Structure formats: C-alpha cells, structure tokens
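Residue-level structure breakdown
Each chain, written out:
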Amino acid sequence: MTKRFFVSVSALAVFLTVNFALNFIVVAKSPTIISYRDNFKAFASSDFVQRLFNLPEWEPFAEAYTDACDNAIERELSQDKLNQMLPAEVAQDLRQFIESDITTRKGVQTVFQHLDAIIFELRADFDDDDIDENLKDITDIALGRTKDFEIDFDGVLAFIVDINPRPLISFLKYFREGTDYKFIRNEPDGDFILKFDFEYRNRDIEFCCAGVKLGVGRYAVIFADDDQISRYCQAFKTGRYSKLDTTQKKKELVVDETCFLFIDRQLKLAKINSNGIEFFSKIKGVKSTLYEEKNKLQFEIDVKMRTVEDSAAFRDLLTGLTALVQLNTAEKSPEREFLQTVKINAGGTNVSVKINLDNPEVWKLIAKRLKEVTDKIQNRQ
C-alpha cells in the first residue's frame, strides 16, 4: 500500500510541477539566481522535529489539520466534479483511490519515510532586452488569465527518494504514446526520460521528467527541459549533484547577486520607479540556513551588501523593525521574549541574523500557535 500511495503521490507531483519545465543554457548566459537544498529525511530525524512531534499540542493539531484535508478532498474531488474535470476512466480510477484506506496523514507519513532530499536551482537569461516572458506568464496565471503551462525557467527540480520511480509510468495508460508523450530514454527496468505535450481543458501542457537510479535504494525524479534533461540525469549519477551530502540536518536557500541584478533590471525594463526598488541593487547575496548543531536547531540569515554604508543601514533597519514589533507585543509574552533572543550583527559589508531555536520561548510560541491554528480549524468544520 505504501508503494502504491507513493506512485500516486509522485504522479500528482508530476502534474503539480509542470510549471517547472526547465531549460538549462550556458552558465555565462543564464547564471544561477536561486538555489534550494533540503535534506528532508535527515532533518525530519532531528531532535527539534522529534520534540515538536512530542508536544501535547501537536497531536490535536495534526488530527484537526489532516481531517480537514480529508474532508476538503472528499468535497472537492467528488465523482461529479471529477467527471467534469477528467476523462471517465481517469475519474473513476481516481475516485476509487480516494475511497480506499489512503488518508492525508498516511500520505504525509509516506513522504517523511521515503523523501531523502529536494534540490532546486533557478537560472535567468540576461540577454533579453524585454521583460522576462516567464514573469508575464506567472503574473497572468496568478490573475486567473488562461495561459499554457509552458513556463521555461532555466534550471532543475529534483527529488531524491528511496523507492524506484519507474512505477510512475503506470499512469501513461491514460495518454497516447507518440501524441501526448514520448520516451526520450527508456531502459528496460531502468532509467527513463519522458516528454509530455498534450492539451487539457484548452491548455497546451508541456513538461519533461526523468527517473534515474543513483545507487542501491537511491533514485532521483528530475524535472528539466527536454534539451538538457539528459545532462542533468548524468550530473546526478556521476557529476556534481552525485556528490551532494544529504545526511546533514539542514535546509538551505541561497539567493545570488545575479537574482537581485535580474530583479533590478526587470523593474527598470518595466519602468517601475517606486520608492525603495533601488534597494535590490544594493544587495549582493542572501543565504538562509536552518540546521541542527549539537542537537540544537539554529537559523541564520547572512546578507552581503555592496558597501559598508549599505550594511550599516540595513542592520539599523532590521534592529528598528525588531524593536518596533517588540513594542507592539505584550510584556512577558512568548513573542517578545523570543524577539529578544534575535541577534543582528554587521561587519564590513555583511549583515547576519542568528536565532537559536532551541530555547524555552520558542517552544512556548510554537505550542501557542499550534493551539490557535487547531482552534481555528475546528471552528470552521
């Protein structure tokens, strides 16, 4: 049952990530602007997460939240609604799956059990003299305008798992080979690369995905452009991605200097001159890390500014905002006590924010928020 659920969840992930149809060009033309690494399974075993699960407030929250999700799925994916959205065969199979003993909680448990890591890299093309078409597409989709899912941001999205993703191709029975999809690679009982190009509800959907074996009990599910996905597959098998250490209890987000240059350039191309937008051009990079060290969870944000003056100004801004929030919270409250533990420092062009999340005030705040969210969910039922 676990493997069956993983296959279905993975198939759903394919659909939900079609907008990550990515295209890798030359690094000089499309430098990395954002990267995200999440050692999901290792982090889930951290003392912090285990202590979180043991909080008295956790189980009521988890039960209320997963029950609400189950109810929403039952309501929004009824047989009638599925028949309106999907072909009859697909709607019937999906409905049978929903009516099985699968629940949101079991789904979450499956993810925690089998997802090892998430790797995401986003690149940008600086050669275009027009506003980035992908930004236009995202804006249109966000505003509800009809757009094709053909957003070709450069980069890669990959999930490292411990279950062979090849059973994913079982859902191909709903598509026409050679028309809706084709194999770029299909090794017998081995690696595969699939390219999809089909129409759904008057939208042309294009994306490419792959499943590759990395080692004993270790696989990668990869999304990238069809022109470059073979290179990414090789990079995960023997290249730079193959050397990633996923055993550290860490999540890391890096926003490179090129991202802020890209944003600044796009704003200028759009002729947006609102107060404050020049701030983007003053940042050289941001790195945020959530990690466990000596069984204590730490959160750090490191910002590199262009000048010492910019660094000092940014430090003063953060310090002022923190003080302002403290003034608007009750004395002796978990929020105020927590904010007092935040350390903001500046040295040269660097600004750092460090928070020790393994302290009593954090746990009081988490418990309080869990209780509040649980109450809100139950009141809406």
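Being a predicted model, the structure only gives us computed values, none of them experimental.

The next point concerns the nonpolar core. Core analysis: the biggest nonpolar cluster contains 52 residues, and Trp58, Phe159, Leu194, Phe196, Phe207, Phe223 and Leu357 have the highest contact counts within it. Ranked by size, the runner-up nonpolar core spans 18 residues in total, among them Ala158, Ile160, Ala210 and Ile229.

Time to look at the packing of aromatic side chains. For any two aromatic rings, the description comes down to two numbers: the centre-to-centre distance and the angle of the planes. Under the defined criterion, the tally for this structure stands at 17 aromatic pairs. Between Trp58 and Phe61, the aromatic rings sit 5.3 Å apart at their centres with planes inclined by 55°, giving tilted as the arrangement. Linking Trp58 with Phe61, this pair stays in helix H4 (residues 58-76), spanning 3 residues, or about one helical turn. In this pair, the class of Trp58 matches that of Phe61, namely buried. Summarising the aromatic geometry, the rings of Phe196 and Phe207 are spaced 4.8 Å apart at their centres and angled 10° between planes, so their arrangement reads as stacked. Residue Phe196 is located in strand S5 (residues 192-200), and its partner Phe207 is located in strand S6 (residues 203-215); the two are separated by 11 residues in the primary sequence. Aromatic rings pair up to connect Phe171, Phe175, Tyr181, Phe183, Phe196, Phe198 and Phe207 into one cluster.

Quick look at the side chain of Arg336 now. When you line up the elements, Arg336 lands in helix H12 (residues 334-339). Despite its burial, Arg336 pairs with no opposite charge, the nearest such side chain being Glu331 at 4.3 Å. Of the polar contacts made by the side chain of Arg336, one reaches the backbone oxygen of Thr329; its length is 2.9 Å. Once residues lying within four places of it in the same chain are set aside, the contact partners of Arg336 are Gln326, Leu327, Thr329, Ala330 and Glu331.

A word on the packing of H4 against helix H13 (residues 360-380). H13 packs onto H4 with a crossing angle of 35° between their chain directions and a minimal axis gap of 9 Å. Here H4 runs over H13; the crossing is left-handed. Of the residues in H13, those touching H4 at Trp58, Pro60, Phe61, Ala64, Tyr65 and Ala68 are Leu370, Val373, Thr374, Ile377 and Gln378. Partitioned by chemical class, the residues of the contact of H4 with H13 number 9 nonpolar, 2 polar and no charged.

Here the focus is the confidence of the model for the protein chain. Any segment with low pLDDT has predicted coordinates that should not be analysed in fine detail. On average, residues of the protein chain score 82 in pLDDT, and 82% of them are at 70 or above. Predicted confidence is poor over residues 1-28, with pLDDT under 50, and the contacts of this stretch with residues over four places away or in other chains come to 62 contacts.

A few words now on the sheet that holds strand S4 (residues 181-186). In space, the 12 strands of this open sheet follow the order S4-S5-S6-S7-S3-S2-S1-S8-S9-S10-S12-S11, with antiparallel pairing throughout. Each edge of the sheet is formed by a strand with only one pairing partner; in this case those strands are S4 and strand S11 (343-347). Each strand axis lies, on average, 10° off the axis of its neighbour in the sheet, ignoring direction. By the bridge criterion, 6 bridges tie S6 to strand S7 (residues 218-223) in an arrangement that is antiparallel. Within S7, the residue paired with Gly211 across the bridge is Val221.

Here we take up the pattern of salt bridges. One pass over the full model with this rule turns up 25 salt bridges. Residues Asp191 and Lys237 are paired through a salt bridge, measuring 3.2 Å at the closest nitrogen-oxygen approach. Highlighted residues: Asp191 in the loop between S4 and S5 and Lys237 in helix H9 (residues 229-237), separated in sequence by 46 residues. In this structure, Lys250 engages Glu252 in a salt bridge whose closest nitrogen and oxygen atoms are separated by 3.9 Å. For Lys250, a relative accessible area of 24% gives the class partly exposed.

The end-to-end C-alpha distance of helix H10 (residues 257-269) is 18 Å, a good match for the 18 Å that 13 residues give at a rise of 1.5 Å each. Of all the positions in H10, only Thr258, Cys259, Phe260, Phe262, Asp264, Gln266 and Leu267 are classed as buried. Looking one or two residues past H10, Lys271 carries a phi angle of roughly 60°, positive in sign.

Attention now goes to H4. The end-to-end C-alpha separation of H4 is 27 Å, in line with the 27 Å expected for 19 residues at 1.5 Å each. Within H4, burial applies to Trp58, Phe61, Ala62, Ala64, Thr66 and Cys69. Next to the buried residues of H4 lie helix H3 (47-53), helix H7 (104-114) and H13.

Now for the environment of Asn54. Within the secondary structure, Asn54 is located in the loop between H3 and H4. Classification of Asn54 as exposed rests on a relative accessible area of 64%. Within the structure, the side chain of Asn54 is placed 3.0 Å from the backbone oxygen of Gln50, a separation counted as a polar contact.

Turning next to the side chain of Arg166. Take Arg166: it is sitting in the loop between strand S3 (154-161) and S4. For Arg166, which is buried and forms no salt bridge, the nearest opposite charge comes from Asp189, at a distance of 4.6 Å. Engagement of the side chain of Arg166 in a polar contact is seen with the side chain of Asn186, the distance being 2.7 Å. There is a polar contact of 2.9 Å between the side chain of Arg166 and the backbone oxygen of Gly190. Once residues lying within four places of it in the same chain are set aside, the contact partners of Arg166 are Asn186, Glu187, Asp189, Gly190, Asp191 and Phe192.

Thresholds applied
- Residues numbered from 1 in each chain as written.
- Predicted model: local features only at pLDDT ≥ 70, side-chain atom pairs only at ≥ 80, totals over all residues.
- Heavy atoms only, no water.
- Core = buried A, V, L, I, M, F, W, Y, C linked by side-chain atoms within 4.5 Å.
- Buried < 20%, exposed > 50% of the residue type's maximum accessible area, 1.4 Å probe, protein only.
- Phe/Tyr/Trp six-rings, centres within 6.5 Å; stacked < 30°, edge-to-face > 60°.
- Helix = DSSP H or I, 4+ residues; strand = E, 2+ residues; numbered from the N terminus.
- Lys, Arg positive; Asp, Glu negative; His and termini not counted.
- Salt bridge = Lys/Arg side-chain N within 4 Å of Asp/Glu carboxyl O.
- Polar contact = N/O pair within 3.5 Å; in protein donor to acceptor, adjacent residues only side chain to side chain.
- Contact = heavy atoms within 4.5 Å.
- Axes fitted to C-alpha atoms, helices over the stretch in contact; angles between N-to-C directions.
- Left-handed = near helix turned anticlockwise from the far one by under 90°.
- Nonpolar A, V, L, I, M, F, W, Y, C, P; charged D, E, K, R; others polar.
- pLDDT = per-residue confidence, 0-100.
- Pairing = 2+ DSSP bridges.
- Expected span 1.5 Å × (residues − 1).

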